[in-house]
Amino acid sequence: MNQEYGHEDGVDGDADEGEATRRDAGDAESSRASRGWWDRNADEYQSEHGSFLGDDRFVWGPEGLDEAEAGLLGPAGSLKGLDVLEIGAGAAQCSRWLAAQGARPVALDLSHRQLQHALRIGGEVPLVEADAGALPFRDGAFDLACSAYGAVPFVADPVRVFREVRRVLRPGGRWVFSVTHPIRWAFPDEPGPEGLSVAASYFDRTPYVEQDERGRAVYVEHHRTLGDRVRDVVAGGFRLVDLVEPEWPAWNGQEWGGWSPLRGNLIPGTAIFVCERDG
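Residue positions are given per chain, counting from 1 as you read along its sequence in written order. For a predicted model such as this one, the threshold for reporting local features is a pLDDT of at least 70, and the threshold for listing and counting side-chain atom pairs is 80 or more; totals across whole chains, interfaces and linings nevertheless cover every residue. Each side-chain value is worked out from all heavy atoms of the structure, with water and hydrogens disregarded.

Description of the sheet that holds strand β3 (residues 104-109)
Logical step 1: A pair of strands counts as paired when DSSP detects no fewer than two bridges linking them. Numbering of helices and strands starts at the N terminus; helices are DSSP runs of H or I of at least 4 residues and strands are runs of E of at least 2. Strand order in the open sheet formed by seven strands is β4-β3-β2-β5-β6-β10-β9, and the pairing between neighbours is mixed. Two strands lie at the open edges of the sheet, namely β4 (127-129) and β9 (238-244), each paired on one side alone. Each strand axis lies, on average, 20 degrees off the axis of its neighbour in the sheet, ignoring direction.
Logical step 2: Pairing geometry for β9 and strand β10 (residues 270-277), over six bridges, is antiparallel. Note that in β10 the partner of Arg 239 across the bridge is Glu 276.
Logical step 3: The strands touched by helix α6 (residues 226-235) within the sheet are β6 (169-180), β9 and β10, with β9 carrying the most contacts at an inclination of about 145 degrees. Here an angle of 0 to 180 degrees is reported between the N-to-C directions of two axes, which are lines fitted to C-alpha atoms, with helices fitted over the stretch in contact. The contact rule is simple, with two residues in contact once any of their heavy atoms fall within 4.5 Å.

Below, the structure written as structure tokens:
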């Protein structure tokens, strides 16, 4: 599970890499920036958040919603024997949980270094280094696909990704992905009271970009409104079955970037889209 909680939305990256701005960024630039950023920051990310993520736990976001409880892919007992693709898998924590339920997961990530952490942890899950917009699998290869904060917020054309996911799913296949809740785009990325006042337009879709001194993007995150996400799901050939907005649980006292108990009890931080292949 890569769980790419972004700079704008909580991951602490390399502060010296350049300036933050808002500007257009296309597919190629976004992909190149994401690959480079995660290759550079995977070690720190896994060191800082590995204990929360676990080695074989399926967590949908910083709130700590666990697939074992949520059952968004289906009841755990129904996963046995199913072929599952995890996109933006990071160190493949979610895939290990799926394997423990008897599923046959494949963990895919753009970052070579993240997949090296998957190898470090171990297990029998196949690992694939590839871009979510060009999945290296045959049509109808999987029963289910999932992504916990992987890929979707960081691509310029999410419909392209959704259509690729649809292509590799069998008829009726389920696609479940989590992203930063779109409303968070309007608020400062701060865990305290200063993160509770609207500071930007929710409707401004201009990407958040961190760039080096030569203007090359080193980190890119794309914003879509909630309505945009629904329309993208439909345009990608899916039917939206459910939209889950996890509440902050009483047991979770951690802060993770802009996520915190204070904010989590007042505004949503994660949106999980439960989709099924339409036809």
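Quick word on helix α1 (residues 27-53)
Logical step 1: Take the number of residues in a helix, subtract one, and multiply by 1.5 Å to get its expected span. For α1, built from 27 residues, the straight-helix expectation of 39 Å at 1.5 Å per residue is missed by more than 12%, its first-to-last C-alpha distance being only 29 Å.
Logical step 2: At Asn 41, α1 is bent by approximately 55 degrees, the largest bend along its length.
Logical step 3: The positive-phi residue at the C-terminal boundary of α1 is Gly 54, with phi of around 75 degrees. Bend, in this description, refers to the angle at a residue between axes fitted to the seven residues ending there and the seven starting there.

A few points about helix α4 (residues 112-121)
Logical step 1: Exposure classes here rest on a 1.4 Å probe applied to the protein chains alone. A residue is buried below 20% of its type maximum, exposed above 50%, and partly exposed in between. Within the sequence span of α4, burial applies to Gln 114, Leu 115, His 117 and Ala 118. An end-on view of α4 places all buried positions within 145 degrees of arc, on one side of the element. For α4, exposure combined with an orientation more than 90 degrees from the buried face picks out Leu 119 and Arg 120.
Logical step 2: Sitting at the amino-terminal end of α4 is Ser 111, which places a side-chain oxygen 3.4 Å from the backbone nitrogen of Arg 113.
Logical step 3: Downstream of α4 by one or two residues, Gly 122 has phi in the positive range, about 100 degrees. To obtain the arc, one takes the directions from the helix axis to the C-beta atoms. Any N or O atom pair separated by 3.5 Å or less is treated as a polar contact, with the protein-specific requirement of one donor-capable and one acceptor-capable atom, and with residues adjacent in sequence counted only for side-chain atom pairs.

Quick word on the sheet that holds strand β1 (residues 19-22)
Logical step 1: The three strands are arranged β1-β7-β8 in an open sheet whose pairing can be described as antiparallel. Where the open sheet ends on each side, the last strands, each with one partner, are β1 and β8 (217-221). With strand direction ignored, the average angle separating the axes of adjacent strands in the sheet is 20 degrees.
Logical step 2: Summarising the sheet, β1 and strand β7 (residues 208-211) pair through four bridges and their orientation is antiparallel. Considered in β7, the bridge of Thr 21 is made with Val 209.

Nothing here speaks to function; it is geometry throughout.
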